[in-house]
Amino acid sequence: MISPAPENVTATPNATMTGFAAPSRGSSELSSWHVAMPAGATGPEHSVSREQVWILTAGSLEVTCDGRTEKVTAGGTLVLPPDTLRRIHAGESFEAHVVMRSDGVVTVPGEEGTRILPWAR
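Throughout, a residue's number is its position along its own chain's written sequence, starting from 1. Given that this is a predicted model, residues contribute local features only at a pLDDT of at least 70 and side-chain atom pairs are listed and counted only at 80 or more, while totals for whole chains, interfaces and linings are drawn from all residues. Heavy atoms throughout the structure, all of them, feed into the side-chain values; hydrogens and water do not.

Draft legend 1. Expanded view of the sheet that holds strand β10 (residues 105-107). With respect to topology, three strands assemble into an open sheet ordered β4-β10-β11, the strand pairing being antiparallel. Unpaired on one side and paired on the other, β4 (47-48) and β11 (115-116) mark the two borders of the sheet. The criterion for strand pairing is that DSSP finds at least two bridges linking the strands in question. Labels follow the DSSP assignment, with helices taken as runs of H or I lasting at least four residues and strands as runs of E lasting at least two, numbered in each case from the N terminus. Two elements, β10 and β11, share two bridges in a ladder whose sense is antiparallel. Bridging from a neighbouring strand, Val105 pairs with Ile116 of β11.

Next comes the structure, spelled out in structure tokens:
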């Protein structure tokens, strides 16, 4: 059983992520988290080394992935392929649950190295 805890919440200028399952919380392979992004926020362009599945529970988002922009609304599911540039924009506030393999890392164009996703570890 994994219970929400303040130490599993990461707030960035663009969104708040609440970690659920992760290796640090008992999962051996998968990570899951909740994302809340306010209207008008746009995340940085980046790629993730693992596939991600986003299930929108409220609002809507626009995602530009591999040069194509799509709108996803509450109740919809977004599957983002690994190693593909993407950018998430909240035309209106949205909430989503995200799942991926726990060993995924982020690459940002113009930056050296990779970043971990602390809420997924």
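Draft legend 2. Highlighting the nonpolar core. Residues Trp33, Val35, Trp54, Leu61, Ile88 and Phe94 are the most contacted members of the largest nonpolar core, which totals 26 residues. For this core, the elements supplying multiple residues, two or more each, are β3 (30-37), β5 (52-65), β7 (77-80) and β9 (94-101). For this core, the element with the most residues is β5, which contributes five residues. Leave out the neighbours within four places in its chain, and Trp33 touches Met17, Thr18, Gly19, Phe20, Gln52, Ala96, His97, Val98, Met100, Leu117, Trp119 and Ala120. Throughout this description, the term nonpolar core refers to a set of buried Ala, Val, Leu, Ile, Met, Phe, Trp, Tyr and Cys residues connected via side-chain atoms within 4.5 Å. The buried label applies to any residue whose accessible area, calculated with a 1.4 Å probe on protein chains only, is under 20% of its type's maximum; exposed applies above 50%, and partly exposed to all values in between. Should any heavy atoms of two residues lie within 4.5 Å, those residues are considered in contact.

Any link to function would need more than the numbers given here.
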